[in-house]
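So the chains spell out like this:
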Amino acid sequence: MNAPRLSLVDVVMGERPVRLRLPFRFGVVTLRETRQIFVKATVRLADGRLGDGVSAELLIPKWFDKSPELSNEDNANQLRKSLAIAVGAYGQLEGETPFGLHAAAAGAVSAGARAAALPQLVSSYGPALLDRAILDAVLRLEGLSVFAGVKNNVMGLTAATAPDLAQFDLSRFLETLTPARSIAVRHTVGLADPLTEAETAAAPLNDGLPQSLEAVIAHYGITYFKLKVSGDQDADIKRLIDIAALLDRLPDYVVTLDGNEQYVDAASVVDLWRAMEREPRLARLRDAVVLIEQPIARTAAFAHSILPLAAIRPVEIDESDGDIGAFLTAKRLGYTCVSSKSCKGFYRALLNAARCASWNAQDGSGSYFMSAEDLTTQAGIAVQQDLALATLVGAGHVERNGHHYVRGMAGAGEQEVSQFLEHHGDLYEPFDGGAKLSIKDGRLNLTSLDTVGLASAVIPDFDLMDPSPAL
């Protein structure tokens, strides 16, 4: 189908506070509370029809920009500024397809971000949220689900921002993308997370949800795990041994190792792996590792080849995936995987998936792939849009921990919760007067995401949110 052309008419933003039920330590921060921002975009199609679409994302600190001199609120304001820049740039354009709007505004967005001294990942945040809200509006106006919309390229996706794909048939590629009916949950084990029930005895939460890794496995049936490592080899080996003691009780399991930029170079990660090889209690865990996620700090990740590490396990870029060209640079250095994250961009993920398909077809190796990340997505709009993207790019499992660190559908009103339970009852279940993700045998049911719009039949009530200072 021909992609519709549109103009951005209005943008409304709201925020909700989010308090974590237990602290999450990753990299240089231990997070206990933050805010979730919601975007509602009103678009006008060329035929005059008006429609609204929505998106949502946490204002997560110390990931997009890990500068220690910035406070958590400074980080949140950076992300709000990115949104304001994107709204300003998109608002100057008209008569573009959804992706055409993104591509045409890219130069102005980059210039605005540079003027505001925003790092690349921060710069991507605003367009990522705005693109999803605009696409949601278009899908609702056209009566299409995101899966049908992508298959028919309702976005108007081209190689405009990825000229290396100029000879690749993007429309034909999009036609091949087939969502799965369910996806495995990959549980993240944070550096401060209790591992056993005995460790929670001194300060039990008693809130109806599992607290320790041991309880998570029993409660949800999880068999996929993402293990954080800190860069302190002795401490990491000790903790991995403790984790392996639990995981080795399972008949089978899959692990990814997340270095969270805690290493200075590939050699130091190889050293960790050699230490793991010397420890017999890590034999099964080591064999279960399918991927090493961005271990090297983004300032050094592209400084040298990582082939010695890549010879051990595939290595992913995540924090270094700051723009659409990052995966190209990474490929030359030995990286074979890139993360799919809604907060970095729906279109970027689709284009990177196309690159994997193109490169695998060229060399016949099947080496290039995408891994689905983003533990911070919250129940409702954010988690559903990210799950849709994860299954579109072919991920069989996805990092999912918003349900573990936040209790249920935080901040949503009674009517909104009721609507999500009504329209997405396969994905949620009632919980303590609200709703929570329904994980059965370690999997999420994705069936109801095949609805008109970008994976959600529900639009949250912006009147019940705090006004956002982003605009």
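Structural data are supplied above this passage.
Heads up: these notes are all about the structure in this document. (Residues numbered from 1 in each chain as written. Predicted model: local features only at pLDDT ≥ 70, side-chain atom pairs only at ≥ 80, totals over all residues. Heavy atoms only, no water.)

**As for the pairing of strand β6 (residues 224-228)**
Looking along a regular strand, one sees the side chains alternate between the two faces of the sheet. Of all 5 residues in β6, 4 are buried, a share of seventy percent or more. Pairing geometry for strand β5 (residues 182-189) and β6, over 4 bridges, is parallel. Bridge pairing links Arg 186 to Tyr 224 in β6. As paired strands, β6 and strand β7 (residues 254-258) are joined by 5 bridges and run parallel to one another. Each bridged residue has a counterpart across the sheet, and for Leu 227 the counterpart in β7 is Leu 257. Handedness of the β6-helix α7 (residues 233-247)-β7 crossover: right-handed. (Buried < 20%, exposed > 50% of the residue type's maximum accessible area, 1.4 Å probe, protein only. Helix = DSSP H or I, 4+ residues; strand = E, 2+ residues; numbered from the N terminus. Pairing = 2+ DSSP bridges. Right-handed = clockwise from strand over helix to strand, strands pointing away.)

**A word on the nonpolar core**
One broad trend across soluble globular proteins is that nonpolar side chains are buried collectively. Judged by nonpolar contacts, the single largest core of 159 residues is most densely connected at Tyr 90, Leu 130, Met 155, Phe 225 and Phe 346. When residues in this core are grouped by element, the largest group, 12 residues, is from helix α3 (residues 120-142). (Core = buried A, V, L, I, M, F, W, Y, C linked by side-chain atoms within 4.5 Å.)

**Concerning the pattern of salt bridges**
Under the defined criterion, the tally for this structure stands at 35 salt bridges. A salt bridge links Lys 226 to Glu 373; the nearest nitrogen and oxygen atoms lie 3.1 Å apart. One end of the pair, Lys 226, is in strand β6; the other, Glu 373, is in the loop between β11 (369-372) and α13 (381-392), and 147 residues separate them in sequence. Of the two residues examined, Lys 226 and Glu 373, each falls in the buried class. The structure contains a network of salt bridges with shared partners spanning Arg 186, Lys 226, Lys 228, Asp 258, Glu 293, Glu 373 and Glu 399. (Salt bridge = Lys/Arg side-chain N within 4 Å of Asp/Glu carboxyl O.)

**Observations concerning the packing of aromatic side chains**
A ring pair, where both rings are aromatic, is described by two values, the distance of the centres and the angle of the planes. The final tally for this structure, using the stated rule, is 10 aromatic pairs. Here the aromatic rings of Phe 346 and Tyr 347 are separated by 6.0 Å at their centres, their planes lie at 85°, and the arrangement is edge-to-face. Accessibility assignment for this pair places Phe 346 and Tyr 347 in one class, buried. With centroids separated by 6.0 Å and ring planes inclined at 75°, the aromatic side chains of Phe 420 and Tyr 428 adopt a geometry described as edge-to-face. Accessibility assignment for this pair places Phe 420 and Tyr 428 in one class, buried. Three or more aromatic residues joined by ring pairs make a cluster, and in this case those are Trp 63, Phe 64 and Tyr 125. (Phe/Tyr/Trp six-rings, centres within 6.5 Å; stacked < 30°, edge-to-face > 60°.)

**Here we look at unusual backbone geometry**
With a phi angle near 50°, Asn 206 is a residue other than glycine that sits in the positive phi range. Here Asn 206 shows up in the loop between β5 and α6 (213-220). Even without a glycine there, the phi angle at Asp 432 is positive, about 50°. Following the sequence through the fold, Asp 432 ends up in the loop between β13 (428-431) and β14 (434-437). With a relative accessible area of 58%, Asp 432 lands in the exposed category.

**A closer look at the layout of surface pockets**
Quantified by volume, the largest pocket comes out at close to 450 Å³. Ser 110, Ser 124, Asp 323, Ile 324 and Arg 348 are the residues nearest the centre of the largest pocket, which is lined by 23 residues in total. Of all the elements in the fold, those that place two or more residues in the lining of the largest pocket are α2 (98-115), α3 and α12 (346-363). (1 Å grid on protein atoms, 1.4 Å probe; cavity = no way out; pocket = protein on both sides within 12 Å on 5 of 7 lines; lining within 4 Å. Points joined across faces, edges and corners; volume = space filled by probe spheres on them.)

**Points about the pairing of strand β3 (residues 50-58)**
Counted residue by residue, β3 has 7 buried out of 9 residues, so it is predominantly covered. Relative to β3, strand β2 (residues 29-45) runs antiparallel, the two being bridged by 9 bridges. Within the sheet, the bridge partner assigned to Lys 40 lies in β3 and is Val 54. Hairpin remark: β2 followed by β3, antiparallel, with 4 residues in the connecting loop; positive phi at Gly 48, about 95°.

**Examining the environment of Glu 94**
By the secondary structure assignment, Glu 94 is in strand β4 (residues 94-96). Each C-alpha atom of the pair Glu 94 and Ala 46 lies 9.1 Å from the other, and the pair is 48 residues apart in sequence. Ignoring anything within four residues of it in the chain, the contact list for Glu 94 reads Leu 6 and Ser 7. (Contact = heavy atoms within 4.5 Å.)

**Observations regarding the packing of α3 against α12**
Where α3 meets α12, the closest approach of the two axes is 8 Å, and the angle between their N-to-C directions is 90°. Taken together, α3 and α12 sit at an angle that is classed as roughly perpendicular. Side by side, α3 and α12 meet where Ser 124, Asp 131, Arg 132 and Leu 135 of the first sit next to Phe 346, Tyr 347 and Arg 348 of the second. Considered class by class, the residues forming the contact of α3 with α12 number 3 nonpolar, 1 polar and 3 charged. (Axes fitted to C-alpha atoms, helices over the stretch in contact; angles between N-to-C directions. Parallel < 35°, antiparallel > 145°, perpendicular 65-115°, else oblique. Nonpolar A, V, L, I, M, F, W, Y, C, P; charged D, E, K, R; others polar.)

**Some thoughts on helix α8 (residues 266-277)**
Its 12 residues place the ends of α8 17 Å apart at the C-alpha level, agreeing with the 16 Å of an ideal helix rising 1.5 Å per residue. Structurally, α8 contributes buried residues whose contacts are with α7, β7, α9 (283-288), β8 (289-293) and α10 (307-310). For α8, the side-chain oxygen to backbone nitrogen distance between the N-cap and Ala 267 is 3.3 Å, and the N-cap itself is Asp 265. (Expected span 1.5 Å × (residues − 1). Polar contact = N/O pair within 3.5 Å; in protein donor to acceptor, adjacent residues only side chain to side chain.)

Coordinates in, geometry out; function isn't part of it.
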